[in-house]
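Below are the chains, spelled out letter by letter.
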Amino acid sequence: MMNQYFGELTYSIGWKTTRDIQLFGKNHSITVKIQVDDAETGLSPAQEDACRAYIEHEAENLKCMEQLMLDFSANAASRFSPRRLLFNYFGGCALLCDDESDLDEGIAVCILPEKRVEYQSDYL
């Protein structure tokens, strides 16, 4: 499926693509995942709006994510590794990161609809 904001998406338990982002001066290749029920389901209007809002303000969103991560942990740049940008069914958007200090738990850096950090087990 072609998406006007992320380009070509493939279906594998949700619509997916890859994207390069920069956090704390480092480049990261991440998976972008948009949750849907099945391959026949397109994006909801809320997801379309969230994708547009993220892309139109990506630089600001990434800076905000960096600050949220630093507020959560002073050593965020070395502690967290971004893995997936997730758009949920209702238009929420969060960057899921691995946590070097806790290999069994990561964080979700939520940017839409509100800005916050929480543990992935709570977010998912």
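As the structure is a computational prediction, the values presented were derived from the model and not from experiment.

Peer 1: Help me get a handle on the sheet that holds strand β8 (residues 107-112), residues and values and all.
Peer 2: Spatially, β3-β4-β5-β6-β7-β8-β9 is the arrangement adopted by the 7 strands of the open sheet, whose pairing is mixed. Of all strands in the sheet, those bounded by a partner on one side alone are β3 (10-11) and β9 (116-119). In this sheet, strand β4 (residues 15-23) lies alongside β3 in antiparallel orientation, the contact comprising 2 bridges. Residue pairing across strands places threonine 10 opposite lysine 16, the latter belonging to β4. Packed on one face of the sheet, helix α1 (residues 45-56) meets β4, β5 (26-34), β6 (80-87), β7 (93-99) and β8 and runs near 140° to β6. With respect to the sheet, helix α2 (residues 58-72) is in contact with β4, β6, β7, β8 and β9, its orientation differing from that of β8 by roughly 140°.

Peer 1: Talk me through the pattern of salt bridges; I want residue IDs and the actual numbers.
Peer 2: With the rule as written, the count across this model stands at 8 salt bridges. As a salt-bridge pair, aspartate 99 and arginine 79 come within 2.8 Å of each other at their nearest N and O atoms. Residue aspartate 99 is found in strand β7, and its partner arginine 79 is found in helix α3 (residues 76-79); the two are separated by 20 residues along the sequence. By relative accessible area, which is 17% here, arginine 79 ends up buried. For arginine 116, the salt bridge identified is with glutamate 118, shortest N-O distance 2.6 Å. The structure contains a network of salt bridges with shared partners spanning Asp49, Arg52 and Glu56.

Peer 1: Which residues make up the environment of alanine 39, and what are the values?
Peer 2: Mapped onto the fold, alanine 39 is located in the loop between β5 and α1. For alanine 39, a relative accessible area of 37% gives the class partly exposed. Each C-alpha atom of the pair alanine 39 and glutamate 56 lies 26 Å from the other, and the pair is 17 residues apart in sequence. Once you skip the residues sitting within four places of it in the chain, alanine 39 turns out to touch Tyr11 and Trp15.

Rules and cut-offs
- Residues numbered from 1 in each chain as written.
- Predicted model: local features only at pLDDT ≥ 70, side-chain atom pairs only at ≥ 80, totals over all residues.
- Heavy atoms only, no water.
- Pairing = 2+ DSSP bridges.
- Helix = DSSP H or I, 4+ residues; strand = E, 2+ residues; numbered from the N terminus.
- Contact = heavy atoms within 4.5 Å.
- Axes fitted to C-alpha atoms, helices over the stretch in contact; angles between N-to-C directions.
- Salt bridge = Lys/Arg side-chain N within 4 Å of Asp/Glu carboxyl O.
- Buried < 20%, exposed > 50% of the residue type's maximum accessible area, 1.4 Å probe, protein only.

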